[in-house]
Amino acid sequence: MVELRDEIVKKSFLQFLNRGYKATSLKDLEQATGLTKGAFYYYFKDKQEILEAGIERYFSVMREETDEDVERVASLREYIDLVIRNKEEGADLSQKLFGCFVLEVLFFQLVLEVAPLFPGFRERIYTLSKMRLTRWEHVILKAKQSGEIRETLDTSALARNLISVSSSMLNIEFDDPNFQYIFSDMRMQFEQYYMLIKK
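This is a predicted model, so every value here is computed, not measured. (Residues numbered from 1 in each chain as written. Predicted model: local features only at pLDDT ≥ 70, side-chain atom pairs only at ≥ 80, totals over all residues. Heavy atoms only, no water.)

Draft legend 1. Main features of the confidence of the model for the protein. Scored by pLDDT, the protein has a mean of 88; 91% of the residues are at 70 or more. Model confidence for the protein, summarised as mean pLDDT per element, is weakest for helix 3 (residues 37-43) at 84 and strongest for helix 5 (residues 67-72) at 95. Within the model, the stretch residues 170-175 combines pLDDT values under 50 with 12 contacts to residues more than four positions away or in other chains. (pLDDT = per-residue confidence, 0-100. Helix = DSSP H or I, 4+ residues; strand = E, 2+ residues; numbered from the N terminus. Contact = heavy atoms within 4.5 Å.)

Draft legend 2. Region of the structure containing empty space enclosed by the protein. Counted under the stated rule, the structure contains 2 cavities of 30 Å³ or more. Of the pockets and cavities examined, the largest cavity occupies roughly 130 Å³. Along the walls of the largest cavity sit 15 residues, with Tyr58, Lys87, Gly90, Ala91 and Glu104 positioned nearest its centre. Broken down by secondary-structure element, the contributors of at least two residues to the lining of the largest cavity are helix 4 (47-61) and helix 6 (76-98). In terms of residue count, helix 6 provides more of the lining of the largest cavity than any other element does, 5 residues in total. Along the lines of polarity and charge, the residues of the lining of the largest cavity split into 7 nonpolar, 3 polar and 5 charged. (1 Å grid on protein atoms, 1.4 Å probe; cavity = no way out; pocket = protein on both sides within 12 Å on 5 of 7 lines; lining within 4 Å. Points joined across faces, edges and corners; volume = space filled by probe spheres on them. Nonpolar A, V, L, I, M, F, W, Y, C, P; charged D, E, K, R; others polar.)

Draft legend 3. Just the pattern of salt bridges, in detail. Scanning the model with the defined rule gives 17 salt bridges in all. Between Asp92 and Lys96 there is a salt bridge whose closest N-O contact spans 3.2 Å. Taken together, the residues Asp92 and Lys96, both in helix 6 and 4 residues apart, mark about one turn of the helix. In this structure, a network of salt bridges that share partners links the residues Glu64, Lys87, Glu104 and Arg132. (Salt bridge = Lys/Arg side-chain N within 4 Å of Asp/Glu carboxyl O.)

Next comes the structure, spelled out in structure tokens:
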């Protein structure tokens, strides 16, 4: 029973990500899972409850840098490596939980779409985004002070650009189980930025 409930959440959540919440009908979910309307209502009271379970699951696999990480790293380059490792770990967990790699940008769009239904999820995304920006800015300031990168760079603008690199994996194959190659483009973009900003 638990396995079937998990399967409903997994397959339905992928439908919501691909189509959007409003555009996904119960009929779409029935087709994606091979279940009847009655089976859905046995496990969930409505489509909203299924979505909520999927969002919570995705939050559980997200890997974020901590304030301790920010203090511990010795350079911007080291922080970039940490960000990539965390993204890879989150992708691995996502692959295991959902059967495919889930793009963070699609998840964020879905949460914003359903913000009126789940204001708490929107607040979590907003808080997460602010924390990411603050941490990048802190690392960039340390890199300026140590002479690793040019002091004339705008800290906030650079932080926003680097955040966008870490969320920009758009040209990928969802169903490929070996998703390690996905991160090569991110590494290359980070390396290009780094070459432009270092002293």
